[in-house]
Structures are given as structure tokens and as C-alpha cells.
Amino acid sequence: MATTPILDQFLGSLGELVQNRDGGKLQDFLQIEPPLSEIYQQMIAELRQRYPPGSDSDTALQQRCEGLVPKTKGGSSWSAFPTFVRLYFSFMRDVNIENLLETYNLLKGLLNQCVLSLGDSQMGVVVLPTVLYLSKVLAKLAMGLDRRPELIAHILRMEGGSDQENFEKVTLVEKSANVVREAFIKCLTDRSGTPGPHAKPEGKRKGIYLMANLCLKLLFQCGKLRNAEQMFSSISAQSPPLAHFPASQRVTYLYYLGRYLFSNNLFYPAQIALQSAYDQCHRQALSQRNLILTYLIPCNIVMGRFPSQALLQRPEAQGLAEQFDPLCRLIVHGDYLAFREHLSVNSKSAQWFARKGILLTLRNRCEILVWRSFCRKVFIQGGYHGDPQAQAQRGPPPYLYLQKLLMATRWLQRKHNTQPSNGHVNGLAEGEHHGYGSQTIEHPADPEFTGLDDPQNVTKSDNDHEILKKYGDYLASDGYFDEAGNWQDNAPGNLIDGEPELDYQECEFNPYATSTYDDENDQSSLLMQEIESILASLLTQGLMRGYLTHRNPRFAIPGARLRGALPTGFPNVWQTIYAREKEDSHVPGWVKLPEPTATGAAALGGGGRVVNLSGARPVGNQ
Amino acid sequence: MSNSTTAQNKPESEQPQQQKPQVLEEDDEFEDFPVEDWPQEEAEQATGSASGTNEHLWEESWDDDDAAEDFSKQLKEELKKVEGSS
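Residues numbered from 1 in each chain as written. Chains lettered and ligands numbered in written order. Predicted model: local features only at pLDDT ≥ 70, side-chain atom pairs only at ≥ 80, totals over all residues. Heavy atoms only, no water.

- In the nomenclature of an unreviewed UniProt entry, chain B corresponds to 26S proteasome complex subunit SEM1 from the organism Penicillium steckii.
- Its UniProt record gives chain B the following Function (unreviewed entry) comment, quoted word for word: "Component of the 26S proteasome, a multiprotein complex involved in the ATP-dependent degradation of ubiquitinated proteins."
- You can read under Subcellular location (unreviewed entry) in the UniProt record for chain B the words "Nucleus". (UniProt positions renumbered as here; feature names shortened; annotations may be inferred.)

- Chain A goes by PCI domain-containing protein in an unreviewed UniProt entry, where it is assigned to Penicillium steckii.

Now the structure itself:
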């Protein structure tokens, strides 16, 4: 029988490392990524010779691995570990890295077993570095496969084939995230070491943010952000303070947390998390700083704070000024149609924003700021600013007739419509307004409905034959049930519902028929309603201050005598939002150090520790 | 495995000019830091620039009060026209 000197030696060393609980070195031994050194090649050759694939040699190999952990009465004390090592050997023996998908599956199985070994309350921590190492290789592989869909097209076909409708596709990246999350949970729920918010992380708890960050990376990659929510709430409930962990883990975690909050429209906490990630990030880590800024900047823009030139000129801001500068200028400018055009699907900027996952947020959240700028400019040019002479007397407050805002909006719409360079129509030409619906939102013409404006098109008689040929079984079927539920035969070709021209002359089918199509006043009142709504929204959000009158529509700015109409009616956006948000600076998902003054006394008494009362007698019982 | 998943950076001589945009375009991934931990001093910006450490990063006041700017001038004309006609 073939001897296995290298394998023997390898197993011997593993045994020692386990005994010494040297997790770092154990990971160093359990290499899987090529290029592997000569000694590993020799060991693989021994494995193939002595333990070729098959259940017999697996059993034999397993027996040898059992020796790695001390035996107890009930069997092995850490039974998951020998199985993991045996799987490691089979992996080394069988893997064919030419077949990436097969490699992925083998590696996932290996990592799964390693995570099971991590679960042991005494010994688990020894494999923590190995779990992290295997997770990283698996993540890299899954993300690589994700970018090359041709390599996994056949499994997608196979999996999707049977019951496509009920089947939600789980990508390799998401599957990997699920395995890594298991490891994260094992780290988070480790009971060893000192509990409570003051304790430094010990044992497996040291791995909480390493595993969380890797899992978050995968979840962001596969677009399953919702799955991160549970992670953040378990961290809030059970994790030691983030401050106890090394800077690299803190910055990475705050970056993902900030992005998560941003995509949930929680801009203020997102800004705190991202700003803190930026402040703590190593100044030479330009690519990381660049990514943090990619989200920190729009987060601030949404809240009315624009990046300064000093910030945009920093080396890590490379490429960001050309994206965010035009956006900020459009917000200041106040032309809502130019703003929409900038963020429409065809624009280059929109594609960049979409790739970063911030396009919809910018569209939805910044347009109101554009309208504020627009109203402000119309007020400057066409509003009543108050009578400076009549200061001492009680004159009317500054105001703006909304009719002027309406005219200015129409002017903007005409302006955009007459610019021939537009590939598409943004505004509406004069006299070409919708008779119904929104006056500020342009619906692209749907080819299905072309020609419907012309009634001649709808009931063209030469179409009748075609229509009957297609839908005759419905329009002129063999018979029908009458009102009493009795079957009535129908002569062939006879329209069951009657002739539209003859029998329905008196009826009006157009649901919008009451809005007379050519009446300019009517459309103006529709636009006026919209402008009133936009202003009401600005007022509710505190982005403008004053009140609206509906009859003889006006926006009035009372109490402007001291500070002037503009600062009173159009307060600073950031200061308004900040004043409102700063009341609650809590960032969900970020465990902070307990504040020394407020909770000091309670914490000294062991606050937060769970006292087990299961053995206590009920009051009054003996 | 590593070299097969990152096939694009294998041939080093190939398209050196394409590599630069790739770094910015493709790399949306938050990379691992080369070091585990660092003191806060190493995170702060070097104070080499003239403005010092406390340069302001955010503009809070950006409202446009320039009435001479094109858009405002056109707007003014337009509003005048309306006033004249009504």
C-alpha cells in the first residue's frame, strides 16, 4: 500500500495547531487557492494515489482525521472539524478549476462544513480565520461568475425550466451571502468573554464585522439589500460597540450601513454614517474614499448641502465633480425641465447615476429643490416685496401671484419645446396642452394609442371587416344570454351589442368629455392646481415659509419685515432640514459606546446583563 | 481560482491605455484595506494645502441672487409681457 509521508506530516501539524488553538496558522496551512507550493502538489498526489475518490477511501480518510480532536466518552468532542478536514482533502484531490461552477459548489460545501465547525462553543473560534479565508475566496468566485453569465447560463436554464412562475432565482452571489450570514450569526451569538456594551470583543465576537462586511458586500452585489435589514437589527441588539473594532472594519461597515440607509431614504442617519466612514478612512485609501464620497455627496445634496470646490478638488474626488457639479447647478438654476432632461434615460449622467444606484433617489428627491429655486426666482422678478416706505404702518405682506408662476411655467415649457436639439418633446407647444391629467409631467406618446385623438380613426368602416375577422367570435358570436338568463341565438355576422353608430349615438364614451378640449382657462386651472400642490408640498416640508390663498391664488410671506422677504419666505434648505433632523442623531445599526455621564451608574451595576430567574421561586411561595 | 475569475488583468501588456478608465468604471466594489488598523491621525487630510485642516467641505448657501444672469433676465421679460397684456 502506498505510503503518505507528506499527508502524515500535514495531519500531525494540524493536530498540533488545534491543540495550541492557533487559528491563524491553521488557516495558513489550509491553502486552497492556486498557485499552490510544491509540498501541496505532493500531498495531492499522495491523496489521489492512496485515497482515490470513492466511499471506502472517504471513510478511511475520515478515520484519520478523527485523530485531530481529543476523544471523549460520547465520541469526538468536536465532530464537525474532522469532517471539515476530510472535505478539505477531497476538495484538494477532486477540484478542477477549469470548471468554475463545479469549483464553486465544492467550495460552498467546504465552507458550510467549516461554518458548522465554527459553531462549537469551545473550539469554534480556532477556525474563525479559516471561515473568513474560505468566505473571501467563495465571494470572489461567485462575483466573478456573476460577471460572466455565459458560464452559468446552463444551470439557470435547468433551474428555471420546471416551475418558472413560483421560482425566485437565487443567484450564486446570494447563495454565498447566505452561507456567510450563517458564520456572521455564529460570531454574533458567541457567549464567551465578558458580555455588555463595555466589553471588548473576545473569541468569535472579534469576527462580527469581518463576516458582516463580507455578507453586505455580497448582498449589495446581488441587489438583495432587504436581506441586510435583519443583520443590522441583530447587530443593534447584540453587538459590542463598533468603536472596539479595527479601523478597516469600522470604515467598511459604516460605508455599507450608510448606503443601506441612503437607499431607504433615511438621508440624515446615512449622512452621519458615511461622513464618519469618510473621516475615519485612511487618507491614502483613495479608491475607498472615492466610493464613500460617491454616496456621501448625493446624500448631502438631497438635504440641500452641496460639495464645495475644496472637496471636489481632493484627489479622491476624481471624476465626481463632473457628475455632481452640473446637478447642483441645475438645482440652483430652477429649470425643472432641464433638470429632468439631465436625468432622463438618454443622458450620460443618468447612466452613471443609475450604475451607482442613486438615479431614482436624485430624480425623486431633488426636483422639489429645483421648484423651490424656480419659485424663488419668479418671486424675485415678479413678486411684491413689500413697501419699504410703509415700514412703520401695517402694509400687506410680501406676496407672489401664482398666476405669475403659472405663466413662468408655461414659458419654460415653450422654451424647451422650441429647442430643436431635443430628441424628444419635453414641454408642450403653445395651444397644445393636455386636456386632462398632469400639466407638468410629460407622458411619452404610446404607439398603441396613436391616432385615438381623431375619432375618424377609431371607427373607420373599412376596418370593420378586419375587426370581425379577428374578434368575430366575441363581437358576433352564435348566441348570448339575455337579461333573464335565457339563451338567444344570434344571426351570423350580427353584432351582439348593436351598431355603435346607430344604437349609441346618444352616449358619451370619452371619460374626459366634460373637460372641453380647447378651453385655455380649463388647462390653466389644471396647471394652477398642480402649482398649488407643489407649493403646498414646499411649505409642508418647510422649504418655503408663508401661506397660500386659494381664491385669487397667492403665496404670502408674513413676518418678513425684520429679515426681508427672501430669507423669510425661502429659508436655507440645509439649515431647515438639519434643525429638524438633529433632534434624533441615532443611527440604526451603529452600536455606539455608552455615554459615560448618562448611563455610567447603570452600567457599573451590570446594566444590560440578563439575569436568569428560571430557578427563582414565585413571590409568596415557600 | 483567482486568476480565472479576474481574467481581465492577466495579460499585462494588453491595452495599457484601457486600464485607467477600467479602474474607475468597473471597480464599484469596496476593496479590502491593505492594513487592518490605523490611528485617527492617518485618516485626516494632510495639512499641506493652504486652507489647512478645517477647510469647509459643504456649501450650505447656494441660492442664486444674480438678477443679471440670463435665465432671470428672460424670466423678467416674460413676466413683463404678461403684465402688459393682462
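**What about unusual backbone geometry?**
Residue and element names in this part refer to chain A.
And then number 1: A cis amide bond links Pro34 to the next residue, Pro35, at an omega of 0°.
And then number 2: Mapping Pro35 onto the fold places it in the loop between α2 (23-29) and α3 (38-50).
And then number 3: At Arg21, a position not held by glycine, the phi torsion is positive, near 55°.
And then number 4: Along the chain, the position of Arg21 falls in the loop between α1 (5-19) and α2.
And then number 5: Look at Arg21 and you get partly exposed, because its relative accessible area is 42%. (Helix = DSSP H or I, 4+ residues; strand = E, 2+ residues; numbered from the N terminus. Buried < 20%, exposed > 50% of the residue type's maximum accessible area, 1.4 Å probe, protein only.)

**Focus: the interface of chain A and chain B**
And then number 1: Contacts between chain A and chain B engage 79 residues on the former and 45 residues on the latter.
And then number 2: Overall, the association of chain A and chain B removes approximately 5,700 Å² of surface from exposure, summing both partners, and the carbon and sulfur fraction of that is 56%.
And then number 3: When residues of chain A are sorted by the area they lose upon contact with chain B, Arg283(A), Gln381(A) and Trp411(A) head the list and together hold 12% of the total.
And then number 4: For the interface between chain A and chain B, the tally reads 11 salt bridges. (Contact = heavy atoms within 4.5 Å. Buried area = accessible area lost by both parts, 1.4 Å probe. Salt bridge = Lys/Arg side-chain N within 4 Å of Asp/Glu carboxyl O.)

**Looking at a negative patch on the surface**
And then number 1: Among the surface-exposed residues, Asp279(A), Glu41(B), Glu42(B) and Glu44(B) lie close enough to one another that they form a single negatively charged patch.
And then number 2: Its relative accessible area of 56% is what places Glu41(B) among the exposed residues. (Patch = residues over 30% accessible without salt bridge, like charges linked within 9 Å, V, L, I, M, F, W, Y side chains within 5 Å. Areas by Shrake-Rupley, 256 points an atom, 1.4 Å probe, with all protein chains shown as cover. Lys, Arg positive; Asp, Glu negative; His and termini not counted. Charge placed at Lys NZ, Arg CZ, Asp CG, Glu CD.)

**Looking at the environment of Val378(A)**
And then number 1: Within the secondary structure layout, Val378(A) lies in helix α19 (residues 359-382).
And then number 2: Given the relative accessible area of 0%, Val378(A) is considered buried.
And then number 3: A C-alpha to C-alpha distance of 9.7 Å links Val378(A) and Thr409(A), two positions 31 residues apart in sequence.
And then number 4: Beyond its immediate chain neighbours, meaning those up to four positions away, Val378(A) contacts Gly383(A), Leu400(A), Lys404(A), Leu405(A), Ala408(A), Leu75(B) and Leu79(B).

**Focus on the domain arrangement of chain A**
And then number 1: Split into domains, chain A comes out as domain 1 (1-94), domain 2 (105-245), domain 3 (265-382) and domain 4 (464-500).
And then number 2: Domain 3 of chain A and domain 4 of chain A are separated by 60 Å when their C-alpha centres are compared. (Domains from an automatic or database assignment.)

**Focus: the nonpolar core**
All names here are of chain A.
And then number 1: The biggest cluster of nonpolar side chains holds 177 residues, and the ones touching the most others in it are Ile32, Phe81, Tyr88 and Phe89.
And then number 2: Considering every element that reaches this core, the biggest residue donor is helix α7 (residues 128-147), with 12 residues.
And then number 3: Sequence-distant contacts of Phe89, defined by excluding residues within four places in its chain, comprise Leu7, Phe10, Leu11, Met43, Leu47, Leu61 and Cys65. (Core = buried A, V, L, I, M, F, W, Y, C linked by side-chain atoms within 4.5 Å.)

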